[in-house]
Amino acid sequence: METIDKIDKCRSTMQKLREQGNKIGFVPTMGFLHEGHLSLIRMAKRDCDKVAISIFVNPMQFGPDEDFKKYPRDIKRDTSLAEKEGVDYIFNPSVKEMYGQDHKTTVEVKELSSVMCGKYRPGHFAGVATVVLKLFNIINAHKAYFGEKDYQQLVIIKKMVADLNLDIEIESGPIVREEDGLALSSRNRYLSREERENAIVLYRCLNIARDMIAGGENDLEIVKKRVMEELKGNEFVRKVDYFDFRDPLTLQEKKRIKKGDGEILAAVAAWIGSTRLIDNIMIKV
Ligand code: PAF
């Protein structure tokens, strides 16, 4: 396995792999790898000849009061995990290498970026789309892999790829959960023991919603009211940014459902103490 920190070197290495006829799979990450990332790496290994991952904590996707500085980093541990999974290349650039001194361009995927998390994290998805496009241009992979935990990010990246005619296939991997159901996230490590025990309330609420809908409730406002009671009744939930039902493709909000609608996305973002967590499930209607 080779770790590359320069854009030119990465580009020429990937170009050579392509010329040799290799199919390249790419897993973009911000490091502090967990089973969720590793499951995406395994998908890439299954589908492709060579696998590259990026480890880059992207300042552009953090707001001024967010956790860019304290975001967990451990390149040694990540390198050893990646090596065990058979990753071929780690692209680990510095902020200066990625953005230089005078970066002016941002990519904005309109509408999809201003709802749900975008409403509470202005500029976040422009930061994500911009860095992902830059990484796609540098790595030049055939396929890229994203987790469904960041469902809105996945929809935005797919739209960017379609709108900008990018020559890359986007694959997604299911959410990986702890035994009690908590979705894996690098940010889980911020939680105290008691917060960790209570963080499961997010997944419990998603399941309450699923059960109410399975039981025949089609007024989603009623479902939401019940779920919000559950969330607000938990003393460790400091704030709920949203609990929404959305169309999985357009992310438009759904207030009612009828049989045959297909699937709807139930998604939540809430603060457990000072940690913002997100989770979602797809509900069959
Ligand atoms: O999902 C993430 O870890 C990040 O948003 C990504 C896609 C690596 C871009 O920085």
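Residues numbered from 1 in each chain as written. Predicted model: local features only at pLDDT ≥ 70, side-chain atom pairs only at ≥ 80, totals over all residues. Heavy atoms only, no water.

Draft legend 1. Layout of helix 2 (residues 35-47). Counted at 1.5 Å a residue, the expected span for helix 2 with its 13 residues is 18 Å, and the 18 Å between its end C-alpha atoms agrees. All of the buried residues in helix 2 are G36, H37, L38, S39, L40, I41, M43 and A44. Summarising the contacts, the buried residues of helix 2 are in contact with strand 2 (24-29), strand 3 (50-55), helix 3 (75-85), strand 5 (143-147) and strand 6 (169-173). (Helix = DSSP H or I, 4+ residues; strand = E, 2+ residues; numbered from the N terminus. Expected span 1.5 Å × (residues − 1). Buried < 20%, exposed > 50% of the residue type's maximum accessible area, 1.4 Å probe, protein only. Contact = heavy atoms within 4.5 Å.)

Draft legend 2. Geometry of the nonpolar core. F91, M98, F136, I157, M160 and I170 are the most contacted members of the largest nonpolar core, which totals 46 residues. Mapped by element, the contributors of at least two residues to this core are helix 1 (7-19), strand 2, strand 4 (89-91), helix 4 (95-99), helix 6 (124-139), strand 5, helix 7 (151-163) and strand 8 (263-272). Top contributing element to this core by residue count: helix 6, with 10 residues. Apart from the residues within four sequence positions on either side, F136 is in contact with F26, A144, F146, I157, M160, V161, L166, I168 and I170. (Core = buried A, V, L, I, M, F, W, Y, C linked by side-chain atoms within 4.5 Å.)

Draft legend 3. Representation of the environment of C48. Tracing the backbone shows C48 in the loop between helix 2 and strand 3. Take C48: its relative accessible area is 9%, and that puts it in the buried class.

Draft legend 4. Geometry of helix 6. The terminal C-alpha atoms of helix 6 lie 22 Å apart, and with 16 residues this matches the ideal 22 Å at 1.5 Å per residue to within 8%. For helix 6, the buried fraction is high: 14 of the 16 residues fall into the buried class. Two residues or fewer after helix 6 comes N140, characterised by a positive phi angle close to 55°.

Draft legend 5. View of the packing of aromatic side chains. Scanning the model with the defined rule gives seven aromatic pairs in all. Measuring from centroid to centroid gives 6.3 Å for F26 and F136, while their planes differ by 80°, and the two rings are edge-to-face. Within this pair, whereas F26 is found in strand 2, its partner F136 is found in helix 6, the two being separated by 110 residues in sequence. With relative accessibility at 7%, the residue F136 sits in the buried group. With a centroid separation of 5.8 Å and an interplanar angle of 75°, the aromatic rings of F62 and Y71 are classed as edge-to-face. Overall, F62 belongs to the buried group, its relative accessible area being 10%. Three or more aromatic residues joined by ring pairs form one cluster here, namely F26, F136 and F146. Sitting over the face of the ring of F68, R73 holds its NZ or CZ atom 5.0 Å from the ring centroid. R77 extends its terminal NZ or CZ atom over the ring of F32, reaching a point 4.9 Å from the ring centre. (Phe/Tyr/Trp six-rings, centres within 6.5 Å; stacked < 30°, edge-to-face > 60°. Lys NZ or Arg CZ within 6 Å of the ring centre and 35° of its normal.)

Draft legend 6. Quick look at the site of the ligand. In the neighbourhood of the ligand, the contacting residues comprise P28, T29, M30, N58, Q61, V131, V132, F146, D150 and Q153. Within the side chain of Q61, an N or O atom sits 2.6 Å from an oxygen atom of the ligand. Between the ligand and Q153 there is a distance of 2.7 Å, counted from an oxygen atom to a side-chain nitrogen or oxygen. Here the ligand has 290 Å² of accessible area as a free molecule, and 89% of this is covered by the chains. Those elements that place two or more of their residues in the shell around the ligand are strand 2 and helix 6. (Near = heavy atom within 4 Å. Polar contact = N/O pair within 3.5 Å; in protein donor to acceptor, adjacent residues only side chain to side chain. Areas by Shrake-Rupley, 256 points an atom, 1.4 Å probe, with all protein chains shown as cover.)

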